[in-house]
Each structure stands twice: as C-alpha cells, then as structure tokens.
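Chain by chain, the residues:
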Amino acid sequence: GEHTAEKHTPAASQSRTKVDTRESPPSATEESEQASPSNGARDDSVRTLDDTNSRDQRDDESTYQIERILDTVEAAIFLKDTNGRYLLMNQNFRDLIGIDDETDVVGMTDSDLFPKGFALGYTEMDKLAIETKETVEVEEKVPAPEGVKTVLTRKTPLFDDDGDPYAVCGVATDITARKEREQ
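### What to know about the packing of aromatic side chains
For the coordinates displayed, the defined rule picks out five aromatic pairs. Ring plane angle 80 degrees and centroid distance 5.0 Å describe the contact between Phe114 and Tyr122, whose orientation is recorded as edge-to-face. Accessibility classification places Phe114 together with Tyr122 in one group, the buried group. Members of the aromatic cluster, joined through ring pairs, are Phe78, Tyr86 and Phe93.

### Some remarks on the environment of Pro157
Tracing the backbone through its elements, the reader meets Pro157 in strand S5 (residues 147-159). For Pro157, a relative accessible area of 2% gives the class buried. Residues Pro157 and Gly170 lie 13 residues apart in sequence; the distance between their C-alpha atoms is 8.8 Å. Contacts of Pro157, omitting those with residues within four sequence positions, involve Ala129, Lys133, Glu134, Thr135, Pro165, Ala167 and Val168.

### Focus: the pairing of strand S3 (residues 86-89)
Pairing analysis gives three bridges linking strand S2 (residues 76-81) to S3, with the strands arranged antiparallel. Residue pairing in the sheet places Phe78 in a bridge with Met89 of S3. The antiparallel hairpin formed by S2 and S3 contains four residues in its connecting segment, where Gly84 sits at a positive phi of about 80 degrees.

### Quick word on the nonpolar core
Counting 15 residues, the largest nonpolar core has Tyr86, Met89, Phe93, Leu96, Ile97, Phe114 and Val142 as its most contacted members. No other element matches helix H3 (residues 91-97), which puts three residues into this core. Not counting residues up to four positions away in its chain, the partners in contact with Phe93 are Ala76, Ile77, Phe78, Tyr86 and Phe114.

### Quick notes on the confidence of the model for the chain
Per-residue confidence for the chain gives a mean pLDDT of 79, with 70% of residues at or over 70. In this model, residues 7-38 is a region of pLDDT below 50 whose contacts with residues beyond four sequence positions or in other chains number 30 contacts.

### Quick notes on empty space enclosed by the protein
By the definition in use, this model includes one cavity of 30 Å³ or more. Within this model, the largest cavity holds a volume of roughly 100 Å³. Residue assignment for the lining of the largest cavity shows that the elements contributing at least two residues are S2, H3, strand S4 (135-144) and S5. Of all the elements, S5 adds the most residues to the lining of the largest cavity, at three residues.

### Here's the deal with unusual backbone geometry
We note that Lys133 has phi near 60 degrees; this positive angle belongs to a residue other than glycine. In this structure, Lys133 sits in the loop between helix H5 (116-132) and S4.

The rules behind the values
Residues numbered from 1 in each chain as written. Predicted model: local features only at pLDDT ≥ 70, side-chain atom pairs only at ≥ 80, totals over all residues. Heavy atoms only, no water. Phe/Tyr/Trp six-rings, centres within 6.5 Å; stacked < 30°, edge-to-face > 60°. Buried < 20%, exposed > 50% of the residue type's maximum accessible area, 1.4 Å probe, protein only. Helix = DSSP H or I, 4+ residues; strand = E, 2+ residues; numbered from the N terminus. Contact = heavy atoms within 4.5 Å. Pairing = 2+ DSSP bridges. Core = buried A, V, L, I, M, F, W, Y, C linked by side-chain atoms within 4.5 Å. pLDDT = per-residue confidence, 0-100. 1 Å grid on protein atoms, 1.4 Å probe; cavity = no way out; pocket = protein on both sides within 12 Å on 5 of 7 lines; lining within 4 Å. Points joined across faces, edges and corners; volume = space filled by probe spheres on them.

As structure tokens, then:
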C-alpha cells in the first residue's frame, strides 16, 4: 500500500548514540568529601539534599536544552516506546500533523492521533525496526491540516545497556513538493 521500506544496517564504523541515564559523575568537591582517608574508597551512598537538588536541576536544564534543539531542527522528530506510546514529539512534527502545543502526547499512540489505516501502517514500520534491530527508511503518507503529505521517515531503534530495543526514534522529512514535481 502506502509504505515502501528499506532496512539500513549501521556500518561498523558508525557509532550509535546512546543516552546515559545514570547519575553524572561527582564533582571534585563531592569526590573529596566521599573519599575515605584510610583507603581512598568512595562511599556513593553519601549524597546531601543539595547534591540531589543540584543534579535534578542540571537534568531539567539538559532536558530543556534538548527539547529546544529538537524544536529548531527542520525535520519532524518523535520518540515512541516499544508499545507504540509517544514519549516525545518535536514542534515540527506537531505542526505537520496539526497538534497544538497544549496537547500532551506522552502516552498516546498512533491510533489516538491518526485514522486507522494510517496508524496501522506507522505501527507496522515501528515494529519492523524493533524486531530487526535496524533502521528502517519508509515513505509514508501523513494526514495534515492542508491535505495528505508524503514524508520520508527513518525509524531507528534505541537500545538499552543489554542491547535490547526500548524505543523507536523517528525522523521524518516532508517530501510532498518533490513527489509532486516527479509526477
């Protein structure tokens, strides 16, 4: 039907970007406060409320910066968990499909956002990326406020520390004008 897919296997020379969700390493001050004078061992359980609040504030600032970056990229970008629930969606994706800024899409699925025929196709391609553990490139039709658009989407599985997929990151580029010129 509406989908044509290609699998892309990352070349051995390419590195996979991995988000480290562990705590950031302690500062030099924290190191010196935690070092035991007798053997130099660290006690990672020693954390003050100020340390935790400072780390939480840094995490919030990092999240904010990442969201701003994603919103300035021209592509439509989304992240879904392996059950197809949206974890994030950048402003260009919202604009493409006509979703206002106030709508909280976290936890929604394609079935919540798109007509059934479209949603099933998107879900099928997400599952292909997860099952093959490879990037899938697919040309998709997307219902938009100004009519159906054609997008070229790369759906890439993201992996946890054990090598298991935990999410799919999609990057879609609107190729409607190009496709119209080709016809």
